[in-house]
Amino acid sequence: MGCSSSSATIPEANVQKQRRRLSVGNVDTSEVHEADERATQEDRGLIAQFNQKNLLDMIQRDGQQKGRRNSAICSSTDQNPTSFANKTMQQYGDELQAAQHGLGYTCRKGLKPESPNQDSWCMLKTEDFSIYGVFDGHGQKGHDVSNFVKDVLPKLIVSDPRAASSDQWSAILTDCFRKTQSMVNTSDKMKQLNAQMSGTTATLAVHDHRSDQITVGHVADSTAVLGTKNSSSWEGVALTRDHKPNLKDEKARIEKAGGRVVFDGYANHRVYAKNARYPGLNMSRCIGDLLGHQDCGISCEPEIATVEPSNKDRILFICSDGVWEFITPQEAVTLIHHYGSSDAQKAADFLAKEAWDRWIREEGGAVVDDITVILVYLKPVGN
């Protein structure tokens, strides 16, 4: 609390009024506790429900999807130690027909012998809308957190009654990101998840086919990029900004909450609690990392971007930072635009391999981050 430099005398009555305003009033803590308990019980119920149903079960629960084509495919946590191995996948519903829809996806384990592939991803395609998400875990149990969020966040979205219309996606994504964080917290309390100092990025795009509008919500640094074809050239533009602690607005929020932003002397600004050496995060927003949220001003609030694709907007990229560490959005578009939409899978594989090769070259073969690529060809691109 700042002090005024004025020396004017303040009447005693006004001093008392100011003191009363600055004092904590009579808060009924029992009401706060009851509200927290209700939220926890609601989370427990959702966790139990989601554990019993896959993503398509959530869509088809009301019978309105009968006879309609719905496809879902997502990663599944595995312990494969092989570098550059593709992560295990699960598919539900109708065959995805990726080539027909211009979809490419791959999730490759990095060169990190001490941990499994901590990236997770998902795709859902319905006649009304599609969902594409990438989640890059960090911390000792980051793979568990990213897998949990990959499962929970899309289920919350498709369960939201507002998804029946095409004009509420910004509000839906904001509410569902917050609810996902609450469910991570509850799962941690239930000892089903260890998220005290483990968490995940989250970048999720909803493409509403009714309005042909794309809404992207994200926390942290799994960047979404739009590839645009102009008359004689291609352009790659990021739709998201990396949530880094040294950004002016992010740093202000962290410091207001009692956290600190410290440069590590190498490449990153990191977040620490006051007078403490945790959590050391190099991002200012994420899902999970419960101590960081509690003590340092880390946020799960997503930034929302809305795009109405023109005929020039051809390719949507959503990738983990294993891609973006050494490849710019412009380079990514330049590298794969010559692949036609029916070869989207080849394009995704090529981009992942190029990212791997650059890590090996830049880091001398010492380390490679996990690499996840989702490509969505919004308009047909010739081979």
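What you see is a predicted model; the values in this text were computed from it and never measured.

Engineer: I keep staring at the overall build of the protein chain and nothing clicks. Help me out?
Structural biologist: A count of helical and extended segments in the protein chain gives 11 helices and 17 strands. Counting the 383 residues in the protein chain, one finds 51% classified as buried. If you take every contact in the protein chain between residues at least 6 apart in sequence, the share linking residues at least 24 apart comes to 67%. Total accessible area on the protein chain stands at roughly 18100 Å², and carbon and sulfur atoms take up 48% of it.

Engineer: How do you make sense of the layout of surface pockets when you look at a structure like this?
Structural biologist: Over the atoms a probe the size of a water molecule is rolled, and this reveals where empty space is left. The space that makes up the largest pocket amounts to roughly 950 Å³. Around the largest pocket sit 34 residues that line it, and Asn268, Arg270, Asn282, Asp321 and Asp369 are the ones nearest its centre. Only strand 5 (129-138), strand 13 (279-281), helix 9 (321-324) and helix 11 (344-363) provide two or more residues apiece to the lining of the largest pocket. Considering only residue class, the lining of the largest pocket consists of 10 nonpolar, 11 polar and 13 charged. As a volume, the second largest pocket reaches approximately 400 Å³.

Engineer: Is there a simple way to explain the packing of helix 10 (residues 329-336) against helix 11 in this structure?
Structural biologist: The description of two helices packed together rests on the angle between their axes and the distance between the axes. Relative to each other, helix 10 and helix 11 sit at 130°, their axes nearing to 10 Å. As summarised for this structure, helix 10 and helix 11 are arranged oblique, according to the angle between their axes. Relative to helix 11, the crossing made by helix 10 is right-handed. Contacts from Glu331, Ala332, Leu335 and Ile336 of helix 10 reach helix 11 at Ala347, Phe350, Leu351, Glu354 and Arg358.

Engineer: Can you help me understand the sheet that holds strand 9 (residues 224-229) in this one?
Structural biologist: Strand order in the open sheet made by the 5 strands is 3-17-16-9-10, with antiparallel pairing throughout. On the outer flanks of this sheet lie strand 3 (103-108) and strand 10 (234-238), each paired with one strand and no other. Here the strands of the sheet are splayed against their neighbours by 15° on average, with no regard to which way each runs. Across 5 bridges, the pairing between strand 9 and strand 16 (residues 313-319) is antiparallel. For alanine 224, the partnering residue across the bridge sits in strand 16 and is isoleucine 318. Lying on the sheet, helix 10 is in contact with strand 9, strand 10, strand 16 and strand 17 (371-377); it crosses strand 10 at an angle near 140°.

Engineer: Is there a simple way to explain the pattern of salt bridges in this structure?
Structural biologist: Opposite charge on two side chains permits pairing when their charged atoms draw close. One pass over the structure, following the stated rule, counts 23 salt bridges. Between lysine 179 and aspartate 43 there is a salt bridge, with the nearest N and O atoms lying 2.6 Å from each other. Taken together, the positions of lysine 179 in helix 6 (residues 169-189) and aspartate 43 in helix 2 (residues 29-52) put the pair 136 residues apart, joining distant regions of the chain. Residue classification places lysine 179 among the buried positions, given a relative accessible area of 18%. Between arginine 241 and glutamate 303 there is a salt bridge; the shortest N-O distance is 2.8 Å. Placement of the pair is arginine 241 in the loop between strand 10 and helix 7 (248-256) and glutamate 303 in strand 15 (residues 303-307), with a sequence separation of 62 residues.

Engineer: How do you make sense of the packing of aromatic side chains when you look at a structure like this?
Structural biologist: The description of two aromatic rings rests on the distance between their centres and on the angle between their planes. Using the criterion set out here, one finds 5 aromatic pairs in the structure. Taken together, a centroid distance of 5.9 Å and an interplanar angle of 50° make the contact between tyrosine 339 and phenylalanine 350 tilted. Placement of the pair is tyrosine 339 in the loop between helix 10 and helix 11 and phenylalanine 350 in helix 11, with a sequence separation of 11 residues. Accessibility expressed as a relative area gives 17% for tyrosine 339, which makes it buried. Over the ring of phenylalanine 84 we find arginine 108; its NZ or CZ atom is 4.6 Å from the centre of that ring.

Definitions and cut-offs
Along each chain, residue indices are assigned from 1 in the same order as the chain's sequence is written. Predicted model: local features are reported for residues with pLDDT of at least 70 only, side-chain atom pairs are reported and counted for 80 or more only, and whole-chain, interface and lining totals are derived from all residues. By convention in this description, side-chain values take in all heavy atoms of the structure and omit both hydrogens and water. Secondary structure follows DSSP: runs of H or I at least 4 residues long count as helices, runs of E at least 2 residues long count as strands, and numbering of each begins at the N terminus. We call a residue buried when its accessible area falls under 20% of the maximum for its residue type, exposed when it is over 50%, and partly exposed in between, using a 1.4 Å probe and counting protein chains only. When checking whether two residues touch, look at their non-hydrogen atoms; a contact exists if any pair is within 4.5 Å. Where accessible areas are quoted, they stem from the Shrake-Rupley method and a 1.4 Å probe; at the residue level, only the protein chains shown are allowed to cover. Site definitions follow a grid-based scheme: protein atoms alone, a 1 Å grid, a 1.4 Å probe that fits but cannot get out for cavities, and for pockets an open set with protein on both sides within 12 Å along at least five of seven lines, plus lining residues having an atom within 4 Å of a point. Grid points are joined across faces, edges and corners, and a volume is the space filled by probe spheres set on the points. When residues are sorted by character, Ala, Val, Leu, Ile, Met, Phe, Trp, Tyr, Cys and Pro go into the nonpolar class, Asp, Glu, Lys and Arg into the charged class, and all the rest, Gly among them, into the polar class. Lines fitted to C-alpha atoms define the axes, with helix axes restricted to the stretch in contact, and inter-axis angles between N-to-C directions lie between 0 and 180 degrees. Note that the term roughly parallel is reserved for angles under 35 degrees, roughly antiparallel for angles over 145, roughly perpendicular for angles of 65 to 115, and oblique for everything else. Working rule for handedness: look at the near helix, and if it is turned counterclockwise from the far one by less than a right angle, call the crossing left-handed; if clockwise, right-handed. When DSSP finds two or more bridges between a pair of strands, those strands are recorded as paired. Every case where a carboxyl oxygen of Asp or Glu lies within 4 Å of a side-chain nitrogen of Lys or Arg is listed as a salt bridge. Each Phe, Tyr or Trp ring, with Trp reduced to its six-membered ring, pairs with another whose centre is within 6.5 Å; inter-plane angles below 30 degrees give stacked pairs, above 60 give edge-to-face pairs, and intermediate values give tilted ones. In our convention, an over-ring charge means Lys NZ or Arg CZ found within 6 Å of a ring centre and within 35 degrees of that ring's normal.

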